[in-house]
Amino acid sequence: MSRQREMALVSLIDDITAVANATDDLEEAARATLSEVCEVTGWPLGHLGVPAGDGEAFVSAGIWIGPIEDFPVLREIAATTRFTAGTGVIGRVAATGEPVWSRDMTADPLAVRLLRGRDPGVRAVFAFPVIAVDGVVAVLQFFSEQVIPRDEPLLRVMAAIGYQLGRVADRRKVRDTAQAGRDRLQQIVDASVEGFISTDAAGHITEWNSAAAHMFGRAREQVLGRLVHETIMPERYRRADQAGRTRFLTTGQSNVLGRRLELAGARPDGSEFPIEIVVWATREANTWAFHAFVHDITERRRAEQALRQAYETEQQTVTRLKELDTAKDAFIATVSHELRTPLTTLSGYLELLDDTDPVQRRMLEAMTRNAARLQNLVEDLLAANTLTGGELVVDAAAVPVSQAVEGAVRATRAQARSSSHLIEVGIIDAGVQTVTADHDLLVRAISALLSNAVKYSPINTPITVHASPEGGQVAVAVTDHGVGIEAEDLPRVFERFYRTRYAQDNAIQGVGLGLWLVKTIAEAHGGTITATSTPGEGSTFTLTLPA
Ligand code: ADP
């Protein structure tokens, strides 16, 4: 190689390096390279091949250097061919990543197939790849009208140039990726429902998304470049905010960065609202920037306040109710005890009186019955009062179920002497003969159910008590054909002092303690009480106890 040629090639590398460093537009760099190479080599035609849109082959970029219009066959082939791995010089270079030299393309199998006997007007051809990190991104191709043997030094220089141009493509890709990342971030920030604010090191606002604009009542254009503390903070915080920034910049220390703080935000009209803010700092190109997410917590504060108030009111009500409850218990206890003694005396004397006159006897009976009723009421009240304190003492023993049922039926009959109800006692299965229970409490519970059946059903309708085994338990069911209970009342009838509308409207005697007592007794025995009812048809209450 001549000294002069050598110098020309070296300066070619220098030139292309300069071009490659100055641009990140591959096409522009490739164009410059095509011209320079044509000039230095004296080859008349330069051509650029690029990947096809589908990435499966290479095609002409339509970029030619030199008088291509003088070579219509060549132009036609380039414009219409997809250069796949086995097709043409470009296809070979793209597939192998290696330069290709053909001293006479009309005799080269690679090109012959494309020429199909036509004379392209050129002979020698060489091409080299532009190799980026992702592989071959372009092919530069040159044609001469002469037959020229392979020039190894020239090809080596071209390979080097191919790598230089590859850096251009790589730089572009890195830049595009970074830009895409920035765009994505910008979109996220814009769409965020949280306010987002950035400032430079001195605190001048550089970023202000639409949520921030909405929250602070200031448009982006109004705030960009303004000092952040003067824009979003009430007067009293401004100096501290500025000082904090300065402290961080000089000492690297901060009480604020990375922490969730609750502060006040200010609007242009001076009004304030509670905000939650997280600030962090980033360092780019040797300077600090600050960023913050801001959340308007007005609603949260309001809800917290409301909750606190509701809780306090509730606490006051509970305290008041407890006081009332205690007072009521004390009152009931006193009155019941005071009633009990004279009632016992009255009942005792009534039993001793014996009158043979039928009229007087009926009067005596009525007095006895009513005294018994009063005594029952007093006992219920006393029981209710003690039981509320959780003091039910169960004196458990083996109790024959039939005996308890009979006891209850007897007590009810005595009480309901004037009303003629037919109380039927159902067959008691051999398997349910005994339960472990407190005899008196059990009689009392069944009596309460029976006396309700009597109270809430018309005379001359049957009432049945039926006991039967039920999976390791004994169920005692009391059924009447009375007024029944509305569905919405049913779950509440076991509450203490609860009476249905019907009981109140018809002034049926009672205070709403009977079923509550039954439930308490059932639970003290590890059992349950349940009810089913059809209004107008009747009810069944079932007391279930462990056998
Ligand atoms: P009381 O009978 O003293 O009102 P209870 O606790 O015994 O209190 O009963 C609560 C309520 O349940 C009654 O007010 C009554 O309305 C309803 N109730 C209880 N037993 C029956 C029944 N067998 N038929 C219809 N309603 C009933």
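What you see is a predicted model; the values in this text were computed from it and never measured. (Residues numbered from 1 in each chain as written. Predicted model: local features only at pLDDT ≥ 70, side-chain atom pairs only at ≥ 80, totals over all residues. Heavy atoms only, no water.)

### Things to note about the domain arrangement of the chain
Point 1. If you check the domain split of the chain, you get domain 1 (3-177), domain 2 (193-296), domain 3 (305-373) and domain 4 (392-546).
Point 2. Its C-alpha centre places domain 1 at a distance of 113 Å from the equivalent point of domain 3. (Domains from an automatic or database assignment.)

### Overview of the nonpolar core
Point 1. L442, I446, L450, F541 and L543 are the most contacted members of the largest nonpolar core, which has 38 residues in total.
Point 2. At ten residues, the largest contribution of residues to this core is made by helix α14 (residues 439-455).
Point 3. In this structure L543 touches L442, A445, I446, L449, V474, A475, V476, V518, A522, T528 and I529, once residues within four positions along its chain are discounted.
Point 4. One finds A30, L48, I63 and F142 within the second-largest nonpolar core, a separate group that totals 27 residues. (Core = buried A, V, L, I, M, F, W, Y, C linked by side-chain atoms within 4.5 Å. Buried < 20%, exposed > 50% of the residue type's maximum accessible area, 1.4 Å probe, protein only. Helix = DSSP H or I, 4+ residues; strand = E, 2+ residues; numbered from the N terminus. Contact = heavy atoms within 4.5 Å.)

### So, a nonpolar patch on the surface
Point 1. A grouping of L374, L377, F497 and V511 is seen on the molecular surface, where their side chains present a nonpolar patch of about 290 Å² in accessible area.
Point 2. Position of V511 among the secondary structure elements: in the loop between α15 (501-505) and α16 (514-524).
Point 3. Relative accessible area serves as the criterion here: at 32%, V511 is assigned to the partly exposed category. (Patch = residues over 30% accessible without salt bridge, like charges linked within 9 Å, V, L, I, M, F, W, Y side chains within 5 Å. Areas by Shrake-Rupley, 256 points an atom, 1.4 Å probe, with all protein chains shown as cover. Salt bridge = Lys/Arg side-chain N within 4 Å of Asp/Glu carboxyl O.)

### Here we look at the site of the ligand
Point 1. The ligand sits among 20 residues. The nearest are N452, D480, R499, T500 and L515.
Point 2. Within the side chain of Y456, a nitrogen or oxygen atom sits 2.9 Å from an oxygen atom of the ligand.
Point 3. Measuring from an oxygen atom of the ligand, one finds a side-chain N or O atom of T500 at 2.4 Å.
Point 4. In isolation the ligand offers 520 Å² of accessible surface; the protein chains occlude 98% of this area. (Near = heavy atom within 4 Å. Polar contact = N/O pair within 3.5 Å; in protein donor to acceptor, adjacent residues only side chain to side chain.)

### Remarks on the packing of aromatic side chains
Any two aromatic rings considered together are summarised by their centre-to-centre distance and by the angle between their planes.
Point 1. Here the structure, examined in full by the defined rule, presents 14 aromatic pairs.
Point 2. On the numbers, 6.2 Å between centres and 75° between planes, the contact of F494 with F541 is edge-to-face. Of the two residues, F494 is situated in the loop between β15 (473-479) and α15 and F541 in strand β17 (residues 538-546); the sequence distance between them amounts to 47 residues.
Point 3. Its relative accessible area of 8% is what places F541 among the buried residues.
Point 4. Joined through ring pairs, the aromatic side chains of W43, W101, F126, F128 and F142 make up one cluster.
Point 5. A cation over an aromatic ring shows up here: R236 above the ring of Y237, its NZ or CZ 4.9 Å from the ring centre.
Point 6. Taking the ring centre of F273 as reference, the NZ or CZ of R267 above it sits at 4.1 Å. (Phe/Tyr/Trp six-rings, centres within 6.5 Å; stacked < 30°, edge-to-face > 60°. Lys NZ or Arg CZ within 6 Å of the ring centre and 35° of its normal.)

### Digging into the pattern of salt bridges
Point 1. The tally for this structure, following the rule as stated, stands at 30 salt bridges.
Point 2. D54 is the partner of R82 in a salt bridge, and the nearest nitrogen-oxygen pair spans 3.0 Å. With R82 in the loop between α3 (72-80) and α4 (88-96) and D54 in the loop between β1 (45-51) and β2 (58-65), the pair connects residues that are 28 residues apart, well separated along the chain.
Point 3. With relative accessibility at 46%, the residue D54 sits in the partly exposed group.
Point 4. Within this structure, R260, E262, E276, R300 and R301 form a network of salt bridges that share partners.

### Focus: the sheet that holds strand β9 (residues 272-284)
Point 1. Spatial ordering of the open sheet is given by β7-β6-β10-β9-β8, a layout of five strands whose pairing is antiparallel. Pairing within the sheet leaves two strands with one partner each, and these edge strands are β7 (205-208) and β8 (260-266). Strand-to-strand twist across the sheet, computed as the mean angle between neighbouring axes with direction ignored, equals 30°.
Point 2. Note: β8 against β9, seven bridges, orientation antiparallel. Within β9, the position partnered with L261 by the bridge is I277.
Point 3. Packing of helix α11 (residues 298-352) onto the sheet brings it into contact with β8, β9 and β10 (287-296), and relative to β9 it is tilted by some 135°. (Pairing = 2+ DSSP bridges. Axes fitted to C-alpha atoms, helices over the stretch in contact; angles between N-to-C directions.)

### What to know about empty space enclosed by the protein
Point 1. Applying the stated criterion to the full structure yields two cavities of 30 Å³ or more.
Point 2. There is about 170 Å³ of room inside the largest cavity.
Point 3. Lining the largest cavity are 16 residues, and of these L74, I77, F83, M105 and Q141 sit closest to its centre.
Point 4. Only α3, α4, α5 (109-115) and β5 (135-143) provide two or more residues apiece to the lining of the largest cavity.
Point 5. Taken together, the residues that form the lining of the largest cavity break down as 13 nonpolar, three polar and no charged.
Point 6. Of the pockets and cavities examined, the second largest cavity occupies roughly 30 Å³.
Point 7. Secondary structure elements with two or more residues in the lining of the second largest cavity: β15 and β17.
Point 8. Split by residue class, the lining of the second largest cavity holds seven nonpolar, no polar and no charged. (1 Å grid on protein atoms, 1.4 Å probe; cavity = no way out; pocket = protein on both sides within 12 Å on 5 of 7 lines; lining within 4 Å. Points joined across faces, edges and corners; volume = space filled by probe spheres on them. Nonpolar A, V, L, I, M, F, W, Y, C, P; charged D, E, K, R; others polar.)

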